[in-house]
Amino acid sequence: MNKSLMTASEAQIAAARVMARCDALAEISESEDGLTRVYLSPEQLRANARVGEWMQAAGMTTWQDAVGNICGRYEAAQPGAQALLLGSHLDTVRNAGRYDGILGVLSAIETVQWLHDRQQRLPLAIEIVGFGDEEGTRFGITLLGSRGLTGSWPESWVTHPDGNGITVAEAMQDVGFDAAKILDAARDVNEIAVYLELHIEQGPCLEQEDLALGVVTAINGARRLNCSFIGEAGHAGTVPMTHRKDALAAAAEWMVFIEHTTQEHDPQLVATVGTLSCLPGAVNVIPGEVQLSLDVRGPQDEPLERLLSTLLTQAQAIALRRGLTFSSNVYYQIAATACDARLQQALSHAVETVQGRSLSLPSGAGHDAIAIAERWPVGMLFVRNHRGISHHPAESVQTDDVALGVQAYLQAVCDIARVKE
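To keep things clear, this report deals only with the structure shown in the data block. (Residues numbered from 1 in each chain as written. Predicted model: local features only at pLDDT ≥ 70, side-chain atom pairs only at ≥ 80, totals over all residues. Heavy atoms only, no water.)

A contiguous nonpolar surface patch, about 220 Å² in accessible area, is contributed by Leu 248, Met 255 and Leu 276. Tracing the sequence through the fold places Leu 276 in strand S10 (residues 276–279). (Patch = residues over 30% accessible without salt bridge, like charges linked within 9 Å, V, L, I, M, F, W, Y side chains within 5 Å. Areas by Shrake-Rupley, 256 points an atom, 1.4 Å probe, with all protein chains shown as cover. Salt bridge = Lys/Arg side-chain N within 4 Å of Asp/Glu carboxyl O. Helix = DSSP H or I, 4+ residues; strand = E, 2+ residues; numbered from the N terminus.)

See the structure below:
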């Protein structure tokens, strides 16, 4: 194992500071009985101010951009150089855990703190961004913060209302922003070299492998569909079994096929039937219609499309054999986002340095890196999260794992900055 730049004792101090700061930010919430911090709220601005103070203490100059991201820059050895961008989000879902997104921002600050303490400058500047919205909790549209940096906000977003009928533009005005200046947040493509994001793993893979850290290969693409089987309702006591056109029985057969076939296709593909409604929904009536959802995800688009095609073909076959009709429509889709191969290699080397071996794995959840990857190469580092629980107060990371994460993050940052020189 190569020697890490940051010693184990230094990493423990940094990790303890990260954990304490996660606790401090968890106190900034709109509700007292759970952590909720949404976009363009007073709580978001308070969190930004606190994170900005920590950035400044690490030797960074700070600013809040036109869409409400908190940003900091640690200058390069030669002022004006390209930046290596580190970041994640500071907003939360409702009744959230305290590490999703936040851990990545605070761990990034520790890499700069280490350099600042030693008065070291790299060939690239380091910029850190705490994105104001990734989750989409308030307005139902996601990645508002990171799409601010890429300049890819659709015009319609400013008129999108929250649950109280307040539009994005109105909410911006309420907290001192101007929707007419959103494009001011966009960064020139030449100002940034690459983007790295440290994040908790929102799944159990690292824990199953007994590893603190892993390197993300891709962020899963997804397809979401509304589906229906339509048969014929009838009396539960009078229609013989051989004469039935039971929509629920057809849906049940298909659901079992979905489970078995997805397992056989590829261990990195997942498929879920998350909702199901049955009509007319009476105990003594054969179901005549079933509406159900299908969510299919995977780290590569072609295998994902092949699986989806197989599943839909089988649904039609089941319906035909049973004398029913099947229909489906895709209402949401997002392409898989591949992480940059060279950044994966740099992160893997850093992980091997601090924990002996590296594990490569896809991300089943979305991240700000999806938006950033449209303009710059992206890489992601995962930190073990107990049982993979996320978007829940039971999110849990260990200080020792965070220490290894900060060590690996610093190692990768320095390696990448020097390679880009």
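Once you've had a look at it, read on.
Moving on to the pairing of strand S12 (residues 289–298). Counting buried positions along S12 gives 7 out of 10 residues, so the element sits mostly inside the fold. In terms of strand pairing, strand S7 (residues 221–230) meets S12 through 10 bridges, oriented antiparallel. Each residue of the ladder has a partner; that of Arg 223, found in S12, is Val 296. Two elements, strand S9 (residues 270–272) and S12, share 3 bridges in a ladder whose sense is antiparallel. Residue Val 270 lies in a different strand from S12, and its bridge partner there is Arg 297. Pairing between S10 and S12: 4 bridges, direction antiparallel. Bridging across to S12, Leu 276 finds its partner in Leu 292. (Buried < 20%, exposed > 50% of the residue type's maximum accessible area, 1.4 Å probe, protein only. Pairing = 2+ DSSP bridges.)

Remark: a regular strand shows side chains that alternate across the two faces of the sheet. Most of strand S6 (residues 213–219) is tucked away, with 6 of its 7 residues classed as buried. Judged from the 3 bridges that link them, S6 and strand S16 (residues 378–383) form a sheet pairing that is antiparallel. Its bridge partner being in S16, Gly 214 is matched across the sheet by Phe 382. With 2 bridges connecting them, S6 and strand S14 (residues 337–338) associate as antiparallel partners.

Moving on, we come to unusual backbone geometry. In most cases, non-glycine residues show a negative phi, while peptide bonds are predominantly trans. The linkage connecting Leu 279 with the following residue, Pro 280, adopts the cis geometry, with an omega of 5 degrees. If you trace the backbone, Pro 280 turns up in the loop between S10 and strand S11 (285–286). Although it is not a glycine, Gln 119 adopts a positive phi angle of roughly 55 degrees. Along the chain, Gln 119 turns up in the loop between helix H3 (102–117) and strand S4 (125–131).

In this model helix H11 (residues 399–419) runs 30 Å from its N-terminal to its C-terminal C-alpha over 21 residues, within 8% of the 30 Å that 1.5 Å per residue would give. The element H11 is largely enclosed, with a buried count of 15 among its 21 residues. (Expected span 1.5 Å × (residues − 1).)

To continue, consider the state of the cysteines. Across all of its chains, the model carries 0 disulfides by this definition. No disulfide involves Cys 71; its nearest neighbouring cysteine sulfur is the one of Cys 22, lying 19 Å away. On the basis of relative accessible area, Cys 71 is assigned to the buried category, the value being 6%. For Cys 339, which is in no disulfide, the shortest distance to another cysteine sulfur is to Cys 205 and amounts to 15 Å. (Disulfide = S-S within 2.5 Å.)

Turning our eyes to something else, we now look at the environment of Pro 287. Examined against the element boundaries, Pro 287 turns out to sit in the loop between S11 and S12. Residue classification places Pro 287 among the buried positions, given a relative accessible area of 11%. C-alpha separation for the pair Pro 287 and Ala 251, spaced 36 residues apart in sequence, amounts to 11 Å. Sequence-distant contacts of Pro 287, that is, excluding residues within four places in its chain, are made with Glu 232, Lys 245, Asp 246, Ala 247, Leu 248, Cys 278, Leu 279 and Pro 280. (Contact = heavy atoms within 4.5 Å.)

Here the focus is the packing of helix H1 (residues 8–26) against helix H2 (residues 42–57). The contact between H1 and H2 brings their axes to 10 Å, and the two run at 155 degrees. Comparing the axis directions of H1 and H2 gives the class roughly antiparallel. The handedness of the crossing between H1 and H2 comes out as right-handed. For the pair formed by H1 and H2, the contact residues are Arg 21, Ala 24 and Leu 25 on the first element and Ala 47, Arg 50, Val 51 and Trp 54 on the second. Looking at the contact of H1 with H2 residue by residue, the classes come out as 5 nonpolar, no polar and 2 charged. (Axes fitted to C-alpha atoms, helices over the stretch in contact; angles between N-to-C directions. Parallel < 35°, antiparallel > 145°, perpendicular 65-115°, else oblique. Left-handed = near helix turned anticlockwise from the far one by under 90°. Nonpolar A, V, L, I, M, F, W, Y, C, P; charged D, E, K, R; others polar.)

What follows is about helix H7 (residues 247–265). When the terminal C-alpha atoms of H7 are compared, their 26 Å separation across 19 residues agrees well with the 27 Å that a helix rising 1.5 Å per residue should span. Looking at H7, one finds that the buried residues are Ala 247, Ala 250, Ala 251, Trp 254, Ile 258, Thr 261 and Thr 262. The arc that holds every buried residue of H7, seen down its axis, measures 100 degrees, which confines them to one face. Exposed and oriented more than 90 degrees from the buried face of H7 are Gln 263 and Glu 264. In this fold, the buried residues of H7 make contact with S7, S9, S12, helix H8 (301–322) and strand S13 (325–334). The N-terminus of H7 is capped by Asp 246, whose side-chain oxygen sits 2.9 Å from the backbone nitrogen of Leu 248. (Arc of directions from axis to C-beta. Polar contact = N/O pair within 3.5 Å; in protein donor to acceptor, adjacent residues only side chain to side chain.)

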